[in-house]
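Listed here are the chains, written in short residue letters.
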Amino acid sequence: MERGKMAEAESLETAAEHERILREIESTDTACIGPTLRSVYDGEEHGRFMEKLETRIRNHDREIEKMCNFHYQGFVDSITELLKVRGEAQKLKNQVTDTNRKLQHEGKELVIAMEELKQCRLQQRNISATVDKLMLCLPVLEMYSKLRDQMKTKRHYPALKTLEHLEHTYLPQVSHYRFCKVMVDNIPKLREEIKDVSMSDLKDFLESIRKHSDKIGETAMKQAQQQRNLDNIVLQQPRIGSKRKSKKDAYIIFDTEIESTSPKSEQDSGILDVEDEEDDEEVPGAQDLVDFSPVYRCLHIYSVLGARETFENYYRKQRRKQARLVLQPPSNMHETLDGYRKYFNQIVGFFVVEDHILHTTQGLVNRAYIDELWEMALSKTIAALRTHSSYCSDPNLVLDLKNLIVLFADTLQVYGFPVNQLFDMLLEIRDQYSETLLKKWAGIFRNILDSDNYSPIPVTSEEMYKKVVGQFPFQDIELEKQPFPKKFPFSEFVPKVYNQIKEFIYACLKFSEDLHLSSTEIDDMIRKSTNLLLTRTLSNSLQNVIKRKNIGLTEDARHAAEEEIYTNLNQKIDQFLQLADYDWMTGDLGNKASDYLVDLIAFLRSTFAVFTHLPGKVAQTACMSACKHLATSLMQLLLEAEVRQLTLGALQQFNLDVRECEQFARSGPVPGFQEDTLQLAFIDLRQLLDLFIQWDWSTYLADYGQPNCKYLRVNPVTALTLLEKISREMKDTSRKNNMFAQFRKNERDKQKLIDTVAKQLRGLISSHHS
């Protein structure tokens with residue numbers, strides 16, 4: 001029974017499960033019904049389930065049938081309506097088909113036109129894109145074409161700028177095109193080509209200015225000469241000052257802007273063709289002859305390419321080489337003035353170019369480089385001039401060379417180069433010039449003396465007398481009073497020699513022009529040269545004439561000539577003594593002889609040095625006469641009445657001068673004197689000065705009149721005169737210093753001594769006269 005209950009319970013559970021599955025089937029989407037059905041077949045009651053399913057289907061069919069029976073008439077009506085609609089739909093379909101056929105037929109041309117329009121639109125887009133690309137490419141191509149044209153016309157600096165724009169501005173915009181890549185690869189080659197061509201231009205320029213340096217220098221020196229002539233015209237006097245043409249007027253600053261519309265030819269030599277200028281026409285500026293654009297172009301090109309230092313080093317190295325070539329003088333330069341002129345022209349041309357480069361470029365050359373070259377040029381030029389000028393024996397050529405050197409120096413000084421060393425060297429050439437003049441005048445004097453008859457010049461009329469006096473300023477009152485005919489006391493050679501001496505002085509003055517010397521320096525130069533002419537050249541010529549056996553002079557002529565020597569020598573001493581300027585009131589003790597006396601002794605030494613060829617007696621007499629005249633003149637200076645007072649300090653200075661004279665006498669200026677003989681000329685001065693300096697009055701007064709007394713040569717009158725001068729000075733000093741009692745006492749004591757000595761001297765003088 002329990003088994004029956006269990007079976008019944010299982011049957012109920014199965015029925016409930018089947019009912020759930022059926023509900024799930026009814027409510028579940030068909031796509032998801034598989035799992036549900038699988039659960040049915042997984043169980044063992046699928047038969048019952050099928051029965052349940054069949055029962056459920058029949059129930060639904062009965063419900064459908066009921067529903068259909070309820071709505072049948074509506075369904076029929078709907079079917080009828082649908083059948084009617086189907087006919088109408090068929091008609092509509094036919095109309096649509098017909099319309100479509102017509103539309104297709106009519107739209108066929110439109111479709112073709114639209115297709116064509118589509119193609120046109122595509123082409124238009126392609127063309128527009130092509131134009132845009134070409135607009136990017138055309139500037140590149142234009143710039144490249146411009147670059148090739150500039151390269152072809154040798155405008156390399158503009159070409160370099162175009163290349164820079166092309167590389168950095170235009171090519172990056174179209175870098176993906178193949179032709180642009182070719183251009184980019186070609187740019188370094190173009191740069192190298194520009195560098196090479198510009199360097200070739202520079203080399204041509206350097207070679208050209210090397211060849212034409214003399215023309216440039218010649219023009220610059222002509223310009224300096226014209227300016228100097230103009231200065232002389234304006235000033236109406238010799239140009240001694242340092243007036244110089246300004247640097248601004250010296251040259252024209254060139255336009256350094258390189259890029260221009262006019263192309264420069266590859267064959268530009270750097271030298272412009274200029275017709276030879278006439279002397280009276282304006283000379284073009286030196287820089288007007290030179291086209292510096294190759295230098296500027298090359299400098300700018302190398303600067304842009306970052307190789308400026310390389311360019312500067314190359315330029316300076318080449319110019320140094322050219323400087324050494326320019327400064328090498330030709331071996332025969334000394335033969336003609338043109339040789340020197342060409343040498344100077346080349347040097348001036350070189351430095352005119354470098355000076356212009358210095359002022360028109362920024363750093364291509366600097367002042368240190370220019371100064372270095374100029375120092376080298378100065379040393380080599382001066383050495384060359386010293387060597388070659390030493391070969392010259394023609395004074396006219398030496399004078400012309402001096403004028404050329406002055407013009408050379410003036411020209412370079414215009415451009416700011418220091419030329420002091422050149423003027424110092426001219427002073428050396430001046431000595432050489434004087435020697436050549438002396439040699440020339442030695443021949444002139446020899447010819448004059450050889451052609452002279454050594455007879456007095458006879459004159460028979462006033463006209464002839466004035467003619468001779470006009471040639472030689474001879475004055476003789478006694479001769480003027482004599483009636484015609486009469487004779488001058490000299491022969492024809494005297495006025496001829498006098499005129500030649502003047503010509504010699506004029507020749508010396510010519511050399512001193514434009515040397516910027518003071519009048520004192522010029523006077524010293526003329527005096528030195530003239531003294532050599534007289535004491536050496538003329539003296540030797542006269543000595544040679546005197547020694548000739550075939551020329552005899554009468555005893556009256558020889559005596560007159562000797563007397564003339566003595567007289568002229570004494571007159572020269574008097575000229576020196578006129579320069580004496582003693583401060584008789586000085587209290588300072590000097591330590592050297594007076595300048596005028598040192599010069600006088602030097603003159604006497606040089607004069608007596610050339611007396612060695614004269615007869616010994618004449619030379620000794622002239623020397624003794626000169627010393628006696630000098631001693632007498634010095635004594636007169638000391639005792640002259642205008643000197644009212646003098647100090648012991650002034651006497652000490654005077655003593656130094658007398659010692660200088662005694663030293664000259666001891667030196668034996670003329671051979672043949674016995675020991676101390678010549679010093680005796682100054683014995684009166686020496687004893688007088690020793691007496692006063694040593695203040696040895698007791699010895700003088702005690703030994704006076706004895707034959708061996710120490711101060712035998714001192715005259716009481718002379719001693720009294722000098723003592724009174726000193727006494728006056730002491731009294732005057734005592735009055736000025738009367739505020740110091742002790743000093744006044746010492747002065748009074750000394751004054752009493754002086755008065756006592758003066759009284760005793762007057763006694764000696766009186767006894768001597770009695």
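Bear in mind that the values here come from a model prediction, so they are computed numbers and not experimental data.

Draft legend 1. A nonpolar patch on the surface, seen in detail. On the surface, a cluster of nonpolar side chains totalling about 550 Å² of accessible area is made up of Ile127, Val131, Leu134, Met135, Leu138 and Leu141. Inspection of the secondary structure puts leucine 134 in helix 4 (residues 72-152).

Draft legend 2. Broad picture of helix 23 (residues 683-694). For helix 23, which comprises 12 residues, the first-to-last C-alpha distance of 16 Å matches the rise-based estimate of 16 Å (1.5 Å per residue) to within 8%. Within helix 23, burial applies to Leu685, Arg686, Gln687, Leu688, Leu689, Leu691 and Phe692. Positioned one or two residues after helix 23, tryptophan 695 has a phi angle of 55 degrees, which is positive.

Draft legend 3. Focus on the packing of aromatic side chains. Per the stated rule, a full pass over the model turns up 31 aromatic pairs. For the ring pair tryptophan 584 and phenylalanine 654, a centre distance of 6.1 Å and an interplane angle of 40 degrees mean the geometry is tilted. Linking tryptophan 584 in the loop between helix 19 (555-577) and helix 20 (595-609) with phenylalanine 654 in helix 22 (residues 648-666), this pair joins segments that are 70 residues apart in sequence. Here tryptophan 584 and phenylalanine 654 have matching classes, each one buried. Through a chain of ring-to-ring contacts, the aromatic side chains of Tyr465, Phe472, Phe474, Phe484, Phe488, Phe490 and Tyr498 assemble into a single cluster.

Draft legend 4. Up close: the environment of lysine 486. Mapped onto the elements, lysine 486 comes out in strand 2 (residues 486-487). Between the alpha carbons of lysine 486 and serine 461 there is a distance of 8.8 Å; along the sequence they are 25 residues apart. Those residues in contact with lysine 486, other than ones at most four positions away along the chain, are Ile457, Pro458, Val459, Tyr465, Leu479 and Glu480. There is a polar contact of 3.0 Å between the side chain of lysine 486 and the backbone oxygen of leucine 479. Side-chain polar atoms of lysine 486 contact the backbone oxygen of glutamate 480, separated by 3.4 Å.

Draft legend 5. Quick peek at the side chain of serine 512. Note that serine 512 resides in helix 17 (residues 493-512). Discounting residues that sit within four places of it in the chain, serine 512 has contacts with Ile522 and Met525.

Draft legend 6. Structural context of the nonpolar core. Within the largest apolar cluster, 101 residues are counted, with the highest numbers of intra-cluster contacts made by Leu202, Phe344, Phe351 and Phe488. In contact with phenylalanine 488, not counting residues within four places along its chain, are Pro456, Ile457, Val459, Tyr465, Val468, Val469, Phe474 and Leu479.

Draft legend 7. Main features of the pattern of salt bridges. Per the stated rule, a full pass over the model turns up 20 salt bridges. Here lysine 102 ties to aspartate 98 by a salt bridge, and the two come within 3.4 Å at their closest N and O atoms. Of this pair, lysine 102 and aspartate 98 both sit in helix 4, four residues apart, which is roughly one turn of that helix. One continuous salt-bridge network, built from bridges that share partners, spans Asp98, Arg101 and Lys102.

Draft legend 8. Structural view of helix 22. Taking 1.5 Å as the rise per residue, helix 22 with 19 residues should run 27 Å; its terminal C-alpha atoms sit 26 Å apart, in good agreement. Listed as buried for helix 22 are Gly649, Ala650, Leu651, Gln653, Phe654, Asn655, Asp657, Val658, Cys661, Glu662, Phe664 and Ala665. Immediately downstream of helix 22, the backbone of glycine 668 shows phi near 70 degrees, a positive value.

Draft legend 9. The arrangement of the packing of helix 11 (residues 337-360) against helix 12 (residues 367-389) in detail. Across the interface, helix 11 lies against helix 12 with an axial gap of 11 Å and an inter-helix angle of 175 degrees. When the interaxial angle is binned, helix 11 and helix 12 end up roughly antiparallel. Where helix 11 approaches helix 12, its residues Tyr340, Tyr343, Phe344, Ile347, Phe350, Phe351, Glu354, Leu358 and His359 are matched on the opposing element by Arg367, Tyr369, Ile370, Leu373, Trp374, Ala377, Lys380, Thr381, Ala384, Leu385, His388 and Ser389. Considering only residue class, the contact of helix 11 with helix 12 consists of 14 nonpolar, four polar and three charged.

Draft legend 10. Focus on the side chain of glutamine 679. When you line up the elements, glutamine 679 lands in the loop between helix 22 and helix 23. Taking the relative accessible area as the measure of exposure, glutamine 679 reaches 18% and is therefore buried. The residues touching glutamine 679, leaving out its near neighbours within four places in the chain, are Glu662, Ala665 and Arg666.

Procedures and definitions
Residues numbered from 1 in each chain as written. Predicted model: local features only at pLDDT ≥ 70, side-chain atom pairs only at ≥ 80, totals over all residues. Heavy atoms only, no water. Patch = residues over 30% accessible without salt bridge, like charges linked within 9 Å, V, L, I, M, F, W, Y side chains within 5 Å. Areas by Shrake-Rupley, 256 points an atom, 1.4 Å probe, with all protein chains shown as cover. Salt bridge = Lys/Arg side-chain N within 4 Å of Asp/Glu carboxyl O. Helix = DSSP H or I, 4+ residues; strand = E, 2+ residues; numbered from the N terminus. Expected span 1.5 Å × (residues − 1). Buried < 20%, exposed > 50% of the residue type's maximum accessible area, 1.4 Å probe, protein only. Phe/Tyr/Trp six-rings, centres within 6.5 Å; stacked < 30°, edge-to-face > 60°. Contact = heavy atoms within 4.5 Å. Polar contact = N/O pair within 3.5 Å; in protein donor to acceptor, adjacent residues only side chain to side chain. Core = buried A, V, L, I, M, F, W, Y, C linked by side-chain atoms within 4.5 Å. Axes fitted to C-alpha atoms, helices over the stretch in contact; angles between N-to-C directions. Parallel < 35°, antiparallel > 145°, perpendicular 65-115°, else oblique. Nonpolar A, V, L, I, M, F, W, Y, C, P; charged D, E, K, R; others polar.

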